[in-house]
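Okay, here's what each chain looks like letter by letter:
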Amino acid sequence: SPRRRRRSVRSSLRPLEDCRAAARFTDATALARLDGVRRITALELRIREPRGRYVRRLRVHYVARDVASLSEISVPQRWDAWSLAATVRLERGQSLVRVPLP
């Protein structure tokens, strides 16, 4: 009989690129539309600012409904559609952060 392996938290992490159906970026915002329904319990983010600016705070927002296109929930025109999931303060030079989600 095959041995069951215990799944670790690390093995369940998936890069955003693997489950993203569409994306849009601005200087201060990254929007992603996922390719299906997902249960996300935490985000692990790597922060890299090529212009040398200091990222002080990250805010994670979400829209909990299916949308056909990112233009339906574009920022800043549709901020009313978004809910705040988490806010994280970063130390100077911090390049990795794990954000637990409710």
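Look up a bit, the structure's there.
Cut-off values and rules
- Residues numbered from 1 in each chain as written.
- Predicted model: local features only at pLDDT ≥ 70, side-chain atom pairs only at ≥ 80, totals over all residues.
- Heavy atoms only, no water.
- Core = buried A, V, L, I, M, F, W, Y, C linked by side-chain atoms within 4.5 Å.
- Buried < 20%, exposed > 50% of the residue type's maximum accessible area, 1.4 Å probe, protein only.
- Helix = DSSP H or I, 4+ residues; strand = E, 2+ residues; numbered from the N terminus.
- Contact = heavy atoms within 4.5 Å.
- Phe/Tyr/Trp six-rings, centres within 6.5 Å; stacked < 30°, edge-to-face > 60°.
- Lys NZ or Arg CZ within 6 Å of the ring centre and 35° of its normal.

(A) Seen up close, the nonpolar core. Formed by Ile47, Val60, Ala85, Ala86, Val88, Leu90, Val97, Val99 and Leu101, the largest nonpolar core amounts to 9 residues. Listed by contribution, the elements that provide at least two residues to this core are β5 (83-89) and β6 (96-100). Residue contributions to this core peak at 3 residues, all from β5. Valine 97 has contacts with Leu43, Glu44, Leu45, Ile47, Leu58, Val88 and Leu90, leaving out every residue within four places of it along the chain. By size, the runner-up hydrophobic cluster in this structure holds 7 residues, among which are Val67, Leu70, Ala81 and Trp82.

(B) Structural context of the packing of aromatic side chains. As enumerated under the stated definition, the model contains 1 aromatic pair in all. Between tryptophan 79 and tryptophan 82, the aromatic rings sit 6.4 Å apart at their centres with planes inclined by 65°, giving edge-to-face as the arrangement. Relative accessible area serves as the criterion here: at 15%, tryptophan 82 is assigned to the buried category. When the ring centre of tyrosine 54 is taken as reference, the NZ or CZ atom of arginine 92 above it lies at 4.3 Å.

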